[in-house]
Amino acid sequence: MLALQGDWAAHERALAAHGVGAVEVRTAADLDGVAGLVLPGGESTTMLRLMEGTELVPRILALVRRRAPMLATCAGVILLAREVRRPAQACLGALDVAVERNAYGRQLDSSVAELEVVDHASLPGDRIEGVFIRAPRIVACGAGVEVLARRGADPVLVRQDAILAATFHPELSHASPVLDLFVRALGNGR
Ligand code: GLN
């Protein structure tokens with residue numbers, strides 16, 4: 001659990017409800033031995049600043065390379081993206097998507113939306129709830145990125161290898177199937 005800033009504690013509670021314990025990661029050494037990583041929502045600019053001058057970025061990229069299960073939500077998606085637009089911002093380039101920050105406009109800064117399930121093998125039912133808080137919009141996806149759920153035309157839950165990325169906040173929905181999916185990927189779901 002990247003715990004530099006943002007709503008990592010809500011993720012920690014949601015994972016605890018699934019019987020999964022989390023290590024709060026603030027330094028590169030905290031990543032020793034983790035089974036996976038959550039990159040929570042918050043402010044991506046602040047998180048980037050807090051990672052500067054530490055070994056966190058190369059260590060996170062090493063986890064991506066060895067396909068450790070990751071859950072990125074909202075600002076976490078912005079951190080992992082290959083390109084951030086409006087405004088342009090540095091990013092780790094681990095997830096082959098381009099995102100626009102705060103893309104849903106003022107009236108939709110924060111909203112709860114019904115999302116259309118696209119990947120029925122991964123998610124139950126036809127609809128899931130998505131809590132959006134000053135969310136980014138995924139504006140382009142590379143060929144290796146699967147879309148699991150959409151909001152209208154926009155991909156809002158995607159997967160690339162072991163990275164699950166949601167522009168919304170599954171940790172704020174009761175019993176989100178997105179958390180179930182992540183926990184299954186961690187191998188703790190049974
Ligand atoms: N708007 C935030 C950012 O650009 C993301 C918001 C969130 O994580 N809820 O980093």
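Procedures and definitions
- Residues numbered from 1 in each chain as written.
- Predicted model: local features only at pLDDT ≥ 70, side-chain atom pairs only at ≥ 80, totals over all residues.
- Heavy atoms only, no water.
- Helix = DSSP H or I, 4+ residues; strand = E, 2+ residues; numbered from the N terminus.
- Buried < 20%, exposed > 50% of the residue type's maximum accessible area, 1.4 Å probe, protein only.
- Contact = heavy atoms within 4.5 Å.

(A) Local environment of unusual backbone geometry. Geometrically, the link from Arg86 to Pro87 is a cis peptide bond, its omega value of -5° lying close to zero. You can see Pro87 is positioned in the loop between β3 (81-85) and β4 (95-100). At Arg67, a position not held by glycine, the phi torsion is positive, near 55°. The topology assignment puts Arg67 in the loop between α3 (56-65) and β2 (70-73). Its identity as a non-glycine residue notwithstanding, Asp161 has a phi of 50°, on the positive side. Along the polypeptide, Asp161 turns up in the loop between β9 (154-160) and β10 (163-166). Owing to a relative accessible area of 47%, Asp161 belongs among the partly exposed residues under this scheme.

(B) Spatial organisation of the environment of Ala81. Along the chain, the position of Ala81 falls in strand β3. Here the alpha-carbon distance between Ala81 and Cys141, two residues 60 residues apart in the chain, equals 9.9 Å. For Ala81, the residues in contact, after removing those within four places along its chain, are Cys91, Leu92, Gly93, Ala94, Leu95, Val97 and Val99.

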